[in-house]
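If you want the building blocks of each chain, they are given just below.
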Amino acid sequence: MDRSSLLQLIQEQLDPENTGFIGVETFASLVHSHELPLDPAKLDMLVALAQGNDEGQVCYQELVDLISSKRSSSFKRAIANGQRALPRDVLLDETGLGFYKRFVRYVAYEILPCEMDRRWYFYQHRTCPPPIFMAAVTLTQIIVFLCYGARLNKWVLQTYHPEYMKSPLVYHPGHRARAWRFLTYMFMHVGLEQLGFNALLQLMIGVPLEMVHGILRISFLYLAGVLAGSLTVSITDMRAPLVGGSGGVYALCSAHLANVVMNWAGMRCPYKLLRMVLALVCMSSEVGRAVWLRFSPPLPASGPQPSFMAHLAGAIVGISMGLTILRSYEESLQDQCGWWVLLLSYGTFLLFAVFWNIFAYDLLGAQIPPPP
């Protein structure tokens, strides 16, 4: 029986008067008598929903969302109030798990602040689709770096090579009409040290976030940070080129760190204070290094060096938009007013930046370096 037939049968037999509510006990008997293909974990969730209702009923729409695996804010609140019971109570007490399931359990404790959410994620997690976005981006960045390193025979501070800035991937204010550069600059890096820092953070933080929140949300957050980084540079540092994926990396990191701080008591990741301090020190050091290279380059004659503003823009995107995404596990972003406010603010910034890049350089008479 397919999903639509199942929902039609439920409505006809359990809610013929279209009251919008269904008795959970009657539904459970229907599942067993007709041997309906419903995940036992979802049936446990349904019981938990009914426990949150004084009359032991569940809203028909919540039942539809449950069967369809849709994210719903009201659904999540009902789950929390119903204190759902899953087959196993404590993840840490599990023994005999394989390597991958232990990794999934680690991710659950690392990313999610609520025990109910951690348990639900652990039991409903599937290996398909795998977290391919962050892995693909990191692999592409490494391949591009190796290609340019071999071609230029230079692995540190590649931007000082006269041929490096001629790449069609680098953002340069003189080539701002080539719109793809506002995104493709994320595949280029100053040198081995910047690539290593970004790749490490993308894999350590980005992959677990993608496993929990899905490829669409995390790829949107990462690319929003990348785009905000290049557009911010085009507004605030109009002479500087830009390379590196720091805008996206800082969007992910700042969103995760902000989520940890906001839910400090509920986070179960070990040594969270020490790790928080180390992360902030590393990120601050990277920003400081980028500022030093921008204003005090070892070779001043080589021209303006890549801007550091993408780091700050990515952090702002992560703290605002990213924090909303990470706090909305198993909830629909479309149902949240705050999400639409942030999306509208981001869209307004993009529109302003587009007009700025079209008109402001000529109106202000900005002296930009000639394109390489």
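Nothing here was measured: the structure is a model prediction, and the numbers come from that model. (Residues numbered from 1 in each chain as written. Predicted model: local features only at pLDDT ≥ 70, side-chain atom pairs only at ≥ 80, totals over all residues. Heavy atoms only, no water.)

**Side note on the packing of aromatic side chains**
Next, step 1: Enumeration according to the criterion identifies 11 aromatic pairs in this entry.
Next, step 2: The ring of Y361 carries the charged tip of R176 above its face, separated from the ring centre by 3.8 Å. (Phe/Tyr/Trp six-rings, centres within 6.5 Å; stacked < 30°, edge-to-face > 60°. Lys NZ or Arg CZ within 6 Å of the ring centre and 35° of its normal.)

**Concerning the packing of helix α10 (residues 192-213) against helix α11 (residues 215-236)**
Next, step 1: Where α10 meets α11, the closest approach of the two axes is 7 Å, and the angle between their N-to-C directions is 140°. Taken together, the axis directions place α10 and α11 in an arrangement best described as oblique. Between α10 and α11, the contacting residues are Q202, G206, L209, E210 and H213 on the first element and I215, R217, I218 and Y222 on the second.
Next, step 2: Of the residues in the contact of α10 with α11, the class split is four nonpolar, three polar and two charged. (Axes fitted to C-alpha atoms, helices over the stretch in contact; angles between N-to-C directions. Helix = DSSP H or I, 4+ residues; strand = E, 2+ residues; numbered from the N terminus. Parallel < 35°, antiparallel > 145°, perpendicular 65-115°, else oblique. Contact = heavy atoms within 4.5 Å. Nonpolar A, V, L, I, M, F, W, Y, C, P; charged D, E, K, R; others polar.)

**Re unusual backbone geometry**
Next, step 1: Omega for the bond connecting C128 with P129 falls within 30 degrees of zero, at 0°, which places this linkage in the cis form.
Next, step 2: Its place among the elements puts P129 in the loop between α7 (115-124) and α8 (132-152).
Next, step 3: In this structure, N153 takes a positive phi of about 55° despite not being glycine.
Next, step 4: Structurally, N153 is set in the loop between α8 and α9 (181-184).
Next, step 5: We classify N153 as exposed; its relative accessible area is 66%.
Next, step 6: Positioned with a positive phi, L157 is a non-glycine residue whose angle comes to about 50°.
Next, step 7: By secondary structure assignment, the location of L157 is in the loop between α8 and α9.
Next, step 8: Accessibility expressed as a relative area gives 19% for L157, which makes it buried. (Buried < 20%, exposed > 50% of the residue type's maximum accessible area, 1.4 Å probe, protein only.)

**Topic: helix α13 (residues 272-295)**
Next, step 1: Under the 1.5 Å per step criterion, the end-to-end length of α13 is 34 Å for 24 residues, consistent within 8% with the ideal 34 Å.
Next, step 2: Residues of α13 that are buried: K272, M276, M283, E286, V287, A290, L293 and R294.
Next, step 3: Tucked into the core, α13 has its buried residues touching α10, α12 (246-262) and α14 (309-326). (Expected span 1.5 Å × (residues − 1).)

**Some points on the nonpolar core**
Next, step 1: One finds Y121, Y164 and Y222 to be the most contacted residues of the largest nonpolar core, which totals 75 residues.
Next, step 2: A per-element tally of this core places α11 first, with nine residues.
Next, step 3: With sequence-adjacent residues up to four places away left out, Y121 is seen in contact with V104, V107, A108, L112, M211, V212 and Y329. (Core = buried A, V, L, I, M, F, W, Y, C linked by side-chain atoms within 4.5 Å.)

**Considerations on the pattern of salt bridges**
Next, step 1: Under the defined criterion, the tally for this structure stands at four salt bridges.
Next, step 2: E163 is paired through a salt bridge with K166; the nearest N and O atoms lie 3.4 Å apart.
Next, step 3: For K166, a relative accessible area of 47% gives the class partly exposed.
Next, step 4: We note a salt bridge from R294 to D237, for which the minimum N-O separation is 2.9 Å. Remark: D237 occurs in the loop between α11 and α12 and R294 occurs in helix α13; sequence separation between them is 57 residues. The same class applies to R294 as to D237, namely buried. (Salt bridge = Lys/Arg side-chain N within 4 Å of Asp/Glu carboxyl O.)

**Concerning α7**
Next, step 1: Taking burial as the measure, the 10 residues of α7 include eight buried ones, the bulk of the element.
Next, step 2: Buried residues of α7: M116, D117, R118, R119, W120, Y121, F122 and Y123, and no others.

**Remarks on the environment of L157**
Next, step 1: A sequence separation of 32 residues divides L157 from H189, and the C-alpha atoms of the two residues are 8.6 Å apart.
Next, step 2: Every residue in contact with L157, bar those within four places of it in the chain, is listed here: V190, G191, E193, R289, L293 and P298.

**Brief notes about a nonpolar patch on the surface**
Next, step 1: A contiguous nonpolar patch, built from L351, V354, F355, I358, F359, L363 and L364 and spanning about 740 Å² of accessible area, is present on the exposed surface.
Next, step 2: Tracing the backbone through its elements, the reader meets L363 in helix α15 (residues 337-364). (Patch = residues over 30% accessible without salt bridge, like charges linked within 9 Å, V, L, I, M, F, W, Y side chains within 5 Å. Areas by Shrake-Rupley, 256 points an atom, 1.4 Å probe, with all protein chains shown as cover.)

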